[in-house]
Amino acid sequence: MNNILTHEIELYSSESFKTLLDHEVNRSRRYQQPLTLVHIAIEADPDSPPAQHSAEVFAINILNLQLRETDIPCKRGNEFIVLLPSTDDEGGRIACDRLEELFKGNPQPFDRVSFTLSAYIGMTSAIANKPISGNTLMQQADTAMQHARNRRLASTVLFSEIT
């Protein structure tokens, strides 16, 4: 159980994330820089609390090792939201492709719990010259992730591709 606390400290709380999201949206608009938001849902098979816990620890480790220092990850339930400042669609797609490959790997058993991991990734980007709110970005990323989850897609879904 200690591993949960050790890993979660490395992620932002929902409240801090919301504050940082609003700040980054304003900064993006002011300095004319793109902004990308990624929403990741993690599911474990078998669908049991120990397997889900192991899958989440695996996902947290991937995020902690693969994201840039400037990226802002947050855990919400069994889902993760990652804000990628100064990142456009192309850069976001590259980051998501890298995460997809790592999530497809065979996770090692954690605390003697073996599981199969499924990750569903939705992504949206804000163009610097178009005003958009943090809430709208969150809704768009969630819609893209739900699209991936509902269709059991192993590849990232961009909000711009489904609208």
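Up top is the structure these notes are about.
Residues numbered from 1 in each chain as written. Predicted model: local features only at pLDDT ≥ 70, side-chain atom pairs only at ≥ 80, totals over all residues. Heavy atoms only, no water.

Concerning helix α3 (residues 49-66)
Turning to step 1, where the next piece is worked out: If you check α3, its first and last C-alpha atoms are 26 Å apart, about what 18 residues at 1.5 Å a residue would give, namely 26 Å.
Turning to step 2, where the next piece is worked out: Turning to α3, its buried residues number three or more, namely Ala51, Gln52, His53, Ser54, Ala55, Glu56, Val57, Phe58, Ala59, Ile60, Ile62 and Leu63. (Helix = DSSP H or I, 4+ residues; strand = E, 2+ residues; numbered from the N terminus. Expected span 1.5 Å × (residues − 1). Buried < 20%, exposed > 50% of the residue type's maximum accessible area, 1.4 Å probe, protein only.)

Focus: the sheet that holds strand β4 (residues 116-126)
Turning to step 1, where the next piece is worked out: The mixed open sheet is built from five strands, whose spatial order is β2-β3-β1-β4-β5. Looking at which strands have only one partner, the edges of the open sheet turn out to be β2 (72-76) and β5 (157-158).
Turning to step 2, where the next piece is worked out: Looking at chain direction, strand β1 (residues 35-45) and β4 are connected through eleven bridges and run antiparallel. Looking at β4, one finds that alanine 44 is bridged to leucine 117.
Turning to step 3, where the next piece is worked out: Packed onto the sheet, α3 meets β1, β2, β3 (79-85) and β4 and runs at close to 150° relative to β1.
Turning to step 4, where the next piece is worked out: Seen against the sheet, helix α4 (residues 89-104) touches β1, β3, β4 and β5 and runs at an angle of roughly 175° to β4. (Pairing = 2+ DSSP bridges. Contact = heavy atoms within 4.5 Å. Axes fitted to C-alpha atoms, helices over the stretch in contact; angles between N-to-C directions.)

Some remarks on the pattern of salt bridges
Turning to step 1, where the next piece is worked out: A full pass over the atoms with the stated rule returns ten salt bridges.
Turning to step 2, where the next piece is worked out: Across the pair glutamate 56 and lysine 75 runs a salt bridge whose closest N-O atoms are separated by 3.1 Å. Taken together, the positions of glutamate 56 in helix α3 and lysine 75 in strand β2 put the pair 19 residues apart, joining distant regions of the chain.
Turning to step 3, where the next piece is worked out: A relative accessible area of 14% means that glutamate 56 is categorised as buried.
Turning to step 4, where the next piece is worked out: For the salt bridge of glutamate 79 with arginine 76, the shortest nitrogen-to-oxygen distance reads 4.0 Å.
Turning to step 5, where the next piece is worked out: The exposure class assigned to arginine 76 is partly exposed, which follows from its relative accessible area of 35%.
Turning to step 6, where the next piece is worked out: One continuous salt-bridge network, built from bridges that share partners, spans Glu43, Arg76, Glu79, Arg149 and Arg152. (Salt bridge = Lys/Arg side-chain N within 4 Å of Asp/Glu carboxyl O.)

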